[in-house]
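Coordinate analysis (summary)
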Amino acid sequence: MKFVLIGAGQRGMIYAKYAYKKGHEIAAVGETDPAKREIAASEFGIPAERCYETGAALLAAPRMGEAAIIATMDRDHYSEAIPAMEKGYHLLLEKPISPDPAETLAIEKAAERTGRQITVCHVLRYSPFFREIHRVIAEGRIGRVITIQHNENIGNFHIAHSFVRGNWRR
């Protein structure tokens, strides 16, 4: 399968590397940061003519694969997801679908209209510790579970990185 990568930051590169290691091709990259764009091009052997400065520029080009990995900023998902599906790409979309509920519903309607599939990445859902919790519950080893409350405790580095000086500081 051929993928295009829109957003070559940490998450986008993780998904693209996984696909690449499984034998899939990363055919093009759209990334605003020149250094990240260059790293993706080098990592996946993407020629310069298929390296785009934005996701919009990549989506304006002829279709280059079956699916698009969209791992850009949350607020950009709407403006990239719909054109990608209209171009014929299935989506691997980083969570959240959109920070705006109306945009999320519009993305859903576009998927129905275009017949495209969207896979939303919830990266921890299938991690070993959550799989083990699921197995233990499914086996009934801790009794009948009525409800689960899950808290993600955030360490000081995460707060300093994301909520103080990062993209979510406001």
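Each chain has its residues counted from 1, running along the sequence as written. A pLDDT threshold of at least 70 governs which residues receive local features in this predicted model, and a stricter bar of 80 or more applies before side-chain atom pairs are shown or counted, although totals over entire chains, interfaces and linings include all residues. Calculated side-chain values reflect all of the structure's heavy atoms, with hydrogen atoms and water omitted.

**Quick word on the packing of aromatic side chains**
- Think of it this way: a Phe, Tyr or Trp ring, Trp meaning its six-membered ring, pairs with another when their centres are within 6.5 Å, and the plane angle makes it stacked under 30 degrees, edge-to-face over 60, tilted otherwise. For the coordinates displayed, the defined rule picks out two aromatic pairs.
- Where Y20 meets F44, the ring centres are 5.2 Å apart and the plane angle is 65 degrees; that geometry is what we call edge-to-face. Linking Y20 in helix α1 (residues 10-21) with F44 in helix α2 (residues 34-44), this pair joins segments that are 24 residues apart in sequence.
- Exposure remark for F44: the relative accessible area of 5% places this residue in the buried category.
- Measuring from ring centre to ring centre gives 4.5 Å for F129 and F130, while their planes differ by 40 degrees; the resulting arrangement is tilted.
- Exposure categories follow from relative accessible area, calculated using a 1.4 Å probe and restricted to protein chains: below 20% of the type maximum is buried, above 50% is exposed, and the middle band is partly exposed. Residue F129 is classed as partly exposed on the basis of its relative accessible area of 45%. Secondary structure elements follow DSSP: runs of H or I of four or more residues count as helices, runs of E of two or more count as strands, with numbering from the N terminus.

**Remarks on the packing of helix α4 (residues 77-87) against helix α5 (residues 101-114)**
- Axis definition: a line fitted to C-alpha atoms, limited for helices to the stretch in contact. Angles are taken between N-to-C directions and run from 0 to 180 degrees. Running from N to C, α4 and α5 cross one another at 5 degrees; their axes reach a closest spacing of 9 Å. Our classification of the angle between α4 and α5 gives roughly parallel. Only E103, A106, I107, A110, A111, R113 and T114 of α5 make contact with α4, whose side of the interface consists of H77, Y78, A81, I82, M85 and E86.
- Asp, Glu, Lys and Arg are counted as charged, while Ala, Val, Leu, Ile, Met, Phe, Trp, Tyr, Cys and Pro are counted as nonpolar; the rest, among them Gly, fall into the polar class. In the contact of α4 with α5, the residues fall into eight nonpolar, two polar and three charged. In what follows, roughly perpendicular refers to angles from 65 to 115 degrees, roughly parallel to angles under 35, roughly antiparallel to angles over 145, and oblique to any angle outside these ranges. In what follows, a contact means two residues having at least one pair of non-hydrogen atoms within 4.5 Å.

**Quick notes on the pattern of salt bridges**
- One side-chain nitrogen of Lys or Arg within 4 Å of one carboxyl oxygen of Asp or Glu is enough to make a salt bridge. Counting across every chain of the model gives seven salt bridges.
- The salt bridge partner of R113 is E86, with a shortest N-O separation of 3.0 Å. Highlighted residues: R113 in helix α5 and E86 in helix α4, separated in sequence by 27 residues.
- On the accessibility criterion, E86 (48% relative accessible area) is partly exposed.
- Residue R135 pairs with E132 through a salt bridge whose shortest N-O separation is 2.4 Å. Taken together, the residues R135 and E132, both in helix α6 (residues 128-138) and three residues apart, mark about one turn of the helix.
- When its relative accessible area of 33% is taken as the criterion, R135 is described as partly exposed.
- Taking the relative accessible area as the measure of exposure, E132 reaches 35% and is therefore partly exposed.
- Members of the salt-bridge network, linked through shared partners, are E132, R135, E139 and R141.

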